[in-house]
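# Secondary and tertiary structure notes
Spelled out from the first residue to the last, the chains are:
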Amino acid sequence: QVQLVESGGGSVQAGGSLRLSCAASGRSFSVYAIGWFRQAPGRDREFVAHINSRGTSVDYADSVKGRFTISRDNAKMTAYLQMNSLTPEDTAVYYCAADRTAWRTYRYWGQGTQVTVSS
């Protein structure tokens, strides 16, 4: 089992940037694929980005391609989501997840971190 803790959320103006972190503890982080998801008020949770266990393959939702970058540092047991050119539509609670069991389905989840983008 692995425990995940997100950090780095906050409030930013449109056009700004934030970097989210997902710190893991417990079992070996390096064996797990990592995903980032977000959920805005009144909306379903949606996939944002995915990175494989070695960091050699990534995938993004169309809505964030070219603006967000997912990465990981297995030595630090941490994954990151660099978010640039933020818009108010990016406002949501962001979650990281580990251990993909099916397409865009993960076993372990963090508690989330709030990102608010003002216009």
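For the structure, see preceding data.
Nothing here was measured: the structure is a model prediction, and the numbers come from that model. (Residues numbered from 1 in each chain as written. Predicted model: local features only at pLDDT ≥ 70, side-chain atom pairs only at ≥ 80, totals over all residues. Heavy atoms only, no water.)

## Overview of the packing of aromatic side chains
The tally for this structure, following the rule as stated, stands at 5 aromatic pairs. Ring geometry for Tyr 32 versus Tyr 108: centroids 5.9 Å apart, planes at 70 degrees, classification edge-to-face. Highlighted residues: Tyr 32 in the loop between β3 (18-26) and β4 (34-39) and Tyr 108 in strand β10 (residues 105-109), separated in sequence by 76 residues. Side by side, Tyr 32 and Tyr 108 carry an identical accessibility label, which is buried. Put simply, the rings of Phe 37, Phe 47, Tyr 106 and Trp 109 pair up and form one aromatic cluster. (Phe/Tyr/Trp six-rings, centres within 6.5 Å; stacked < 30°, edge-to-face > 60°. Helix = DSSP H or I, 4+ residues; strand = E, 2+ residues; numbered from the N terminus. Buried < 20%, exposed > 50% of the residue type's maximum accessible area, 1.4 Å probe, protein only.)

## Quick word on the side chain of Asp 90
In this fold, Asp 90 is placed in the loop between β8 (78-83) and β9 (92-102). Setting aside its immediate chain neighbours within four residues, Asp 90 contacts Arg 38, Arg 67, Phe 68, Ser 85, Val 115 and Val 117. (Contact = heavy atoms within 4.5 Å.)

## Section: the pattern of salt bridges
As enumerated under the stated definition, the model contains 6 salt bridges in all. With its nearest N and O atoms 2.5 Å apart, the salt bridge here joins Arg 38 to Glu 46. Judged by its relative accessible area of 6%, Arg 38 is buried. The exposure class assigned to Glu 46 is partly exposed, which follows from its relative accessible area of 28%. Two residues, Asp 99 and Arg 107, come together in a salt bridge whose shortest N-O distance is 2.7 Å. (Salt bridge = Lys/Arg side-chain N within 4 Å of Asp/Glu carboxyl O.)

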